[in-house]
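Listed below, chain by chain, are the residues.
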Amino acid sequence: MAGIVRYGSYIPYFRLQRQAIGAGRGERAVASYDEDAASLAVEAGRDALRGGLSVDTLIFATTSPPYAEKLNAATVQAALDLPESVAAFELSATTRAGASAVALGLDLAQAGQRVLVCASDVSVGAPGGIREAQGGDAGVAFVLGPDSEAIARLVGKAARTVEILDVWRIPEERFPRSWEERFAAETLGPAVVDTTKQALAAAGVQPQSLSHVVLDGVNPRTLAQLPRALGIEPGKVADALTQSIGRCGCAHAGLVLASVLDRAQPGDRILVVSEADGVDALVFEVTERIRSAPKPRPVQRWIDSKRNDLAYPTYLKWRGILPFEPPRRPDPERPAAPVMRRHERWKMAFVGSRCQRCQTGHLPPQRVCVHCGAVDDMREERFADTSCRVTTYTLDYLAYSLQPPVVVAVADYEGGGRFSCELTDVDPKQVKIGDQLEMTFRRLYTAQGVHNYFWKARPMR
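Residues numbered from 1 in each chain as written. Predicted model: local features only at pLDDT ≥ 70, side-chain atom pairs only at ≥ 80, totals over all residues. Heavy atoms only, no water.

What should I look at first to understand helix α2 (residues 72-79) in this one?
Because an α-helix packs 3.6 residues into every turn, residues spaced three or four apart end up facing the same way. In terms of residue burial, α2 counts as a mostly covered element, since seven of its eight residues are buried. The first or second residue beyond α2 is D81, which carries a positive phi of 60°. (Buried < 20%, exposed > 50% of the residue type's maximum accessible area, 1.4 Å probe, protein only. Helix = DSSP H or I, 4+ residues; strand = E, 2+ residues; numbered from the N terminus.)

Hey, could you run me through the pattern of salt bridges in this one?
Pairs can form between side chains of opposite charge once their charged atoms are near each other. Overall, the coordinates contain 36 salt bridges when judged by the stated rule. Residues joined in a network through salt bridges with shared partners are E43, R46, D47, R50, R297, D385, E438 and R458. (Salt bridge = Lys/Arg side-chain N within 4 Å of Asp/Glu carboxyl O.)

Can you walk me through the nonpolar core in this structure?
Where a protein is soluble and globular, its nonpolar side chains tend to be buried together. Membership of the largest hydrophobic core comes to 99 residues, with the highest contact counts inside it found for L116, L261, F284 and F350. Tallying contributions element by element places helix α1 (residues 37-49) first for this core, with eight residues. Leave out the neighbours within four places in its chain, and L261 touches I4, Y7, F142, A152, I270, V286 and I290. If you look at the next biggest cluster of nonpolar residues, it comprises 20 residues, including L226, L230, I232 and A281. (Core = buried A, V, L, I, M, F, W, Y, C linked by side-chain atoms within 4.5 Å. Contact = heavy atoms within 4.5 Å.)

Would you take a moment to explain the sheet that holds strand β7 (residues 137-146) for this structure?
Strands pair in a sheet through their backbones, by hydrogen bonds, and they do so in one of two ways: parallel or antiparallel. One open sheet holds the nine strands; their spatial order is β5-β4-β6-β7-β1-β8-β13-β12-β11, and the pairing between them is mixed. Each edge of the open sheet carries a strand with a single partner, namely β5 (87-91) and β11 (212-217). Pairwise comparison of adjacent strand axes, ignoring direction, gives a mean angle of 25° for this sheet. The pairing of strand β4 (residues 57-61) with strand β6 (residues 115-122) spans five bridges and is classified as parallel. Bridge pairing links I59 to V117 in β6. Sheet contacts for helix α3 (residues 97-110): β1 (2-10), β4, β5, β6, β7, β8 (152-161), β12 (269-275) and β13 (278-286); angle to β4, the most-contacted strand, approximately 165°. Across the face of the sheet, helix α8 (residues 252-261) comes into contact with β1, β7, β8, β11, β12 and β13 while running at roughly 70° to β7. (Pairing = 2+ DSSP bridges. Axes fitted to C-alpha atoms, helices over the stretch in contact; angles between N-to-C directions.)

Looking at this structure, I do not really get the packing of aromatic side chains. What am I missing?
Aromatic ring pairs are defined here through the distance separating the ring centres and the angle between the ring planes. Following the criterion strictly, the structure yields 18 aromatic pairs and no others. For the pair W346 and F350, a centre-to-centre distance of 5.0 Å together with 25° between the ring planes defines the contact as stacked. Take W346 and F350: they sit in the same class, and that class is buried. Among the aromatic side chains, those forming a connected cluster through ring pairs are W346, F350, F383, Y413, F419, F441, Y453, F454 and W455. Above the ring of F324, the side-chain terminus of K317 is found at 5.5 Å from the ring centroid. (Phe/Tyr/Trp six-rings, centres within 6.5 Å; stacked < 30°, edge-to-face > 60°. Lys NZ or Arg CZ within 6 Å of the ring centre and 35° of its normal.)

I would appreciate a short explanation of the pairing of strand β21 (residues 450-459) in the present structure.
The side chains of a regular strand alternate between both faces of the sheet. For β21, a buried count of nine out of 10 residues is recorded, marking the element as mostly surrounded by other parts of the structure. As defined by bridge partners, strand β20 (residues 436-447) adjoins β21 across 10 bridges and the pair is classed as antiparallel. What sits directly across from T446, in β21, is H451. From the end of β20 to the start of β21, which pair antiparallel, there are two residues, and Q448 there has a positive phi angle of about 50°.

Sorry, what's going on with the sheet that holds strand β16 (residues 378-382) here?
If you walk across this open sheet you meet the three strands as β15-β14-β16, and the pairing is antiparallel. Looking at strand neighbours, the two that pair on one side only are β15 (361-362) and β16, the edges of this open sheet. By the bridge criterion, five bridges tie strand β14 (residues 351-355) to β16 in an arrangement that is antiparallel. The residue bridging G352 from the neighbouring strand is E381, located in β16.

Explanation requested: the pairing of strand β3 (residues 27-30) in the structure shown.
Side chains E27 and A29 of β3 all project onto a buried face; the interleaved residues R28 and V30 project onto the opposite face, where all are buried too. Relative to β3, strand β2 (residues 14-17) runs antiparallel, the two sharing four bridges. Paired with R15 across the bridge in β3 is A29.

How do you make sense of α1 when you look at a structure like this?
Given a rise of 1.5 Å per residue, 13 residues ought to cover 18 Å, and the 18 Å separating the end C-alpha atoms of α1 matches this to within 8%. Counting buried positions along α1 yields 13 of 13 residues, so the element is predominantly enclosed. Looking at where α1 begins, the residue whose side-chain oxygen comes 3.0 Å from the main-chain nitrogen of A38 is D36. After α1 finishes, the residue G51 shows a positive phi value of roughly 105°. (Expected span 1.5 Å × (residues − 1). Polar contact = N/O pair within 3.5 Å; in protein donor to acceptor, adjacent residues only side chain to side chain.)

Help me out: how do you make sense of the environment of K306 in this one?
Structurally, K306 is set in the loop between α9 (299-304) and α10 (312-318). Sequence spacing of K306 and Y13 is 293 residues, and the spatial spacing of their C-alpha atoms is 4.6 Å. Residues contacting K306, with those up to four places away along its chain left out, are Y13, R15 and E27. Within polar-contact distance, the side chain of K306 engages the side chain of E27 at 3.0 Å.

Any chance you could explain the side chain of S387 here in plain terms?
With respect to the helices, strands and loops of the structure, S387 is situated in the loop between β16 and β17 (388-396). We classify S387 as buried; its relative accessible area is 17%. Setting aside residues up to four positions removed in sequence, S387 forms contacts with Y413, E414, Q436 and L437.

Below you can see the structure in the form of structure tokens.
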């Protein structure tokens, strides 16, 4: 048997109110201009791995990969400072890939592997369309391992693959298309019910004994008939979070599951159903370990930590939909591959050094201590999870950025160490000396087809 050992989630800071686009009530979560699916996955993965949990395998699921050809999971591996001995896989092409990655990871966990599954998406739809209004951006991560470590063990699962023209996009197109909802509901609805019954039968669980039901899919009408068909009380269906953040593609089924785990009790039985080009159904049983396991940041905390006054033209600019005047500075040069490789642990994992003689921290890593002058007497130290405070800062209105002014701060780290870095997810008017910050993995810019990732600081969320 195998199950969920840890989990983590991440929801971006910005929200777009649907009223701003004439799409009714509620909000959608919006990845900032410096975020993409890889950075969202890294943020969720950091939460799941907090405390130094090791993994053997990484599976990354997304329909919005930053690179069309290059292993994006390698970016996630490097930013999480996982060893290069980790096997990495990538699933894509359907928003069901998030749940499928969890199912695949559980099979590997049952075979003795400890697996990290990261699922994330930046959901972009055509202006005025359903995907733009109802979509959202987020990431979620699960560490999967043996039953003996699980906070929620898998007790049954089933899957079905259906060739159907429901939601699709060819490589040359920017936005996905979708067929009429009634057709998909009539075709996939019975498959969803049958597959869920198979999963419950495999688990030996009656529908009425379920504590929570997570339903996610590209077509809400397909899933709407499931609770009535199985006799599940409507109150047991988990809040789909679509009013507060939108449907977040590959991440969404896992994100709702994480919100359920945030409040689950030992003995709770959880059904997860994810629909797109077929269906995955997973049945979990929460164990006593959920009481003692390290607590990640609750999903609700991410939801509540937000800025919801993002202007629609700004959103279109960030997603590259609306042409705009570029920064009045020369375009940046693409970063060089040898330099990036040579400094990979600093650039990608934010690993500095600390003098073993006087304990002074150094960012970036140094050979000679700036305090005591010791030479080659350093140990590596990862500062990505170390908080810091603003010592001084300035606003740069001329820097190359999609969202000027750029806030540059000198930050002092807990335990020692000072670094000048860019702030993000921050109102320039609200920055103050002494503000507490935390590090976040972001994309500085893209030049000649190369994404230049590094770490920025943001106010504590």
